[in-house]
Structures are given as structure tokens and as C-alpha cells.
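Letter by letter, the chains look like this.
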Amino acid sequence: MRFLLDAEQRAFADALRGMLTAADTPAVIRAWSRGDHTRGRALWARLAEAGVFGLAVPEKYGGLGPLPVELAVAFVELGRHAVPGPLAETVGAAVLLEQPPLARRFLPGLAAGADLATVAAPGGYAVDGDAASLRLCPAPDGLYLTTADPGPVRRSLDPARRLTRLTPAGELLSRDAPHDRALTWTRLATAAQALGVGLALLDRTVAHVRQRTQFGVSIGSFQAVRHRLADAKTALEFARPLVFGAALSLRPAEVAAAKLTACEAAYGTARTALHLHGAIGYTAEYDLSLWLTKARALRSAWGTPQECRDLVLAAGL
């Protein structure tokens, strides 16, 4: 089955790509990694104005959605430009807060970009708890809005994903929040983001091998190099319809399959990119590293490869 975007969806993707290209996201990412959120918040506001966060929020609460396919379109572009911040977590928070009393209170701020939300993953750590204005902590007895200081920042594999530990201490928001649905939406956003990361790594590596020469010729002309790039391209193109197919169905097992496939494709492309760039690919000063580390971090975010495989096998897909 082919999943082709319609004209409006392609125009949305092109508009986001143009905006993010002009935003100089590598500089935004490096500032965010140091704990300077000024430029990142400004970019967040522009994304909200473009409607990105409203895609997970119903219209009656100030959003545009729920529109999971358009959300996947947007997150591919966010991944392509390695935009920092609790992106998938804000999507998950919008679903967790969908019950009417909570929705009226919180969702307009999320859709408008006034609030950044993060959600504690199993183990208690949350992405960018120091930057988020809404810190949600699921617990066995319900969903908590954590008001305590998130504590010291712990660096992750991706320096732009700053981890803080959250505890279920604060206001109890709900005893029956839709945790499973929120996880499905968060995984979908993560899968689309990983696909975008992989596409960016492939584009940058193709450009590099065309410019780098050995023995007087471009290394891109070497058959072994072409085979590595072709394998990466094939894996990413195989992941693309799974991501958009999962966005259409929102079946948890299909979303898990999409996340597994997209994240593994991005991680494989990252390994190829590092190999073909050589020693320069290891340096933090080189922009490629911003995508390499993100591909590795997203691989285990909101479901490790083994967890996703188990869910797919249990569903008989």
C-alpha cells in the first residue's frame, strides 16, 4: 500500500521545512544543551503559531485536531532539523489531559505554545523538566502535576535531551488518565521524529561523500560506499509507510512496529553516516553529531526495540 501525502499536507511540510531551515537549528540545539532556552522557546512559539502542537489538541480546546497524520508530517520535519525540547512529550501530555475539566484548564496553553509539557517515563526521568512549565508524573494511583523542583539535570546520550527526575508529589489530576492512548501518540511522534533524523543524516552523508575525494575521485563513486547508502535509503523508505500507516490506524501494535522500524533505520543510517564521515563525525563541534546522538537517544525513548518487538509479536502482526 502506498501512503502519499495530499497537496495540503505537502505544503504544510514545505512550510515547516523552510521555517526550520531559516531558524539555524544547530545554534538553537547547542544553546538548549547548555540550559539556555531563550532561542528554543522562541522557535517553540513559532511552531505553535504554525499549528504543530494544536494537531494533538481538539478544536474546542484551541487546537486543530486530533490529526495524527498531520502530526506525523510535522514531526518528520522536526526530526529532520533536530529541533530540541519535549516535543513528543507535549503530544503525550495533550492526550493525558484530554478529560474535559483538565482539557479546559491545560490544552489551550499547550496548543498556543505558552506551555511546554513533559511526562516522566518509567523510571521517573523526564526530558527537559527544567524547561517545561507542566511536569506530569504517571503513578499507580493516578496522574500527578509535579510542582516540586525537578532537581539537577542529568545529561543523556543526546545533550539536547536534558533529563530530570520527577516524583508523583503535587496535585493529583486524574485517577483514570488515558495512559495507553497517550503512550501510543507519544510513540507515533517519536517514530516520525526518528524518520526525519534518519533522512537528515542520509542527506548530509550523501553531500559529504560527493565532496570528499580519495585517489583523485569522489568517494561517492566507490561501490562499497554506494551500497551502504543504498541500504540506509531502503531502510528509511521502508519505515516511511509504516509511520503514516500507523498514524492512520493508531493501533498500538502498528505504532510500535513503526517506531521500531523508523528508529532502527535512523540508528543504522547514523552508523553509516559516522563510518563514511570518518574521524570528523566523532567531533561535537561538527553539526552531524547533533543528529547522530539524537538517533541513538530516540531508539530507546518511549519503548525500547525489544519492548516494541514484544508488542508486535503479541498482536500477531
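The text that follows walks through the structure, step by step, so that each part is easy to find. Along each chain, numbering runs from 1 in the same order as the chain's sequence is written. Local features in this predicted model are restricted to residues whose pLDDT is 70 or higher, and side-chain atom pairs enter the listing and the counts only when it is 80 or higher, whereas totals over whole chains, interfaces and linings include all residues. Note that water and hydrogens are dropped before the side-chain values are worked out from all heavy atoms of the structure.

As a further point, take the pattern of salt bridges. Should the charged atoms of two oppositely charged side chains come close, the side chains can pair. The rule for a salt bridge is simple: a side-chain nitrogen of Lys or Arg has to be within 4 Å of a carboxyl oxygen of Asp or Glu. Scanning all chains against the criterion turns up 14 salt bridges. Across the pair Glu77 and Arg17 runs a salt bridge, and its minimum N-O distance is 2.8 Å. Of the two residues, Glu77 is situated in helix α4 (residues 68–80) and Arg17 in helix α1 (residues 7–22); the sequence distance between them amounts to 60 residues. Relative accessibility thresholds used throughout: buried, under 20% of the residue-type maximum; exposed, over 50%; partly exposed, between the two (1.4 Å probe, protein chains only). Taking the relative accessible area as the measure of exposure, Glu77 reaches 2% and is therefore buried. For Arg17, a relative accessible area of 31% translates into the label partly exposed. Helical segments are the DSSP runs of H or I of at least four residues, strand segments are the runs of E of at least two, and each set is numbered from the N terminus.

That bond from Gly65 to Pro66 is cis: its omega, 10 degrees, falls within 30 degrees of zero. Within the secondary structure layout, Pro66 lies in the loop between α3 (38–49) and α4. At Asp24, a position not held by glycine, the phi torsion is positive, near 55 degrees. Along the polypeptide, Asp24 turns up in the loop between α1 and α2 (25–33). Here the phi dihedral of Asp128 falls at roughly 55 degrees; this positive angle occurs in a residue that is not glycine. When you line up the elements, Asp128 lands in the loop between β2 (125–127) and β3 (134–139).

Roughly 710 Å³ of volume is contained in the largest pocket. Each cavity reported here is a set of points on a 1 Å grid over the protein atoms alone in which a 1.4 Å probe fits but cannot get out, each pocket an open set with protein on both sides within 12 Å along at least five of seven lines, and each lining residue one with an atom within 4 Å of a point. Considering the residues around the largest pocket, the lining is formed by 30 residues, among which Ala120, Ala121, Pro122, Ala301 and Trp302 are closest to the centre. Those elements that provide at least two residues to the lining of the largest pocket are α5 (87–96), β2, β3, α7 (179–211) and α10 (288–300). Among the elements that line the lining of the largest pocket, the one with the most residues is α7, at six residues. Grid points are joined across faces, edges and corners, and a volume is the space filled by probe spheres set on the points. What the second largest pocket holds in volume is close to 240 Å³. Those elements giving two or more residues to the lining of the second largest pocket turn out to be α1, α4 and α8 (223–249).

With that settled, consider the packing of aromatic side chains. Stacked, tilted and edge-to-face are the three classes applied to pairs of Phe, Tyr and Trp rings, where Trp contributes its six-membered ring and a pair requires centres within 6.5 Å; stacked means planes under 30 degrees apart, edge-to-face means over 60, and tilted covers the rest. What the rule picks out here adds up to one aromatic pair. Only when the NZ of Lys or the CZ of Arg is both within 6 Å of the ring centre and within 35 degrees of the ring normal is a charge said to sit over the ring. Between the NZ or CZ atom of Arg165 and the centre of the ring of Tyr125, over which it lies, the distance is 5.1 Å. One residue, Arg204, lies across the ring of Trp291, its end atom 4.1 Å from the ring centre.

In this section: the packing of α7 against α8. Throughout, an axis means a line fitted to C-alpha atoms (over the contacting stretch in the case of helices), and angles, computed between N-to-C directions, take values from 0 to 180 degrees. Remark: α7 packs on α8, axes separated minimally by 10 Å, with the N-to-C direction vectors making an angle of 155 degrees. As summarised for this structure, α7 and α8 are arranged roughly antiparallel, according to the angle between their axes. Helix-helix and strand crossings are classified by hand; for α7 and α8 the assignment is left-handed. In contact with Leu188, Ala191, Ala192, Leu195, Gly198, Leu199, Leu202, Thr205, Val206 and Val209 of α7, α8 contributes Val225, Leu229, Ala232, Lys233, Leu236, Glu237, Ala239, Arg240, Val243, Ala246 and Ala247. By the definition adopted for this analysis, an angle is roughly parallel if under 35 degrees, roughly antiparallel if over 145, roughly perpendicular if from 65 to 115, and oblique otherwise. Here a crossing is called left-handed whenever its near helix is offset anticlockwise from the far helix by less than a right angle, and right-handed whenever the offset is clockwise. Residue contacts follow a heavy-atom distance rule, with two residues in contact if any of their heavy atoms lie within 4.5 Å.

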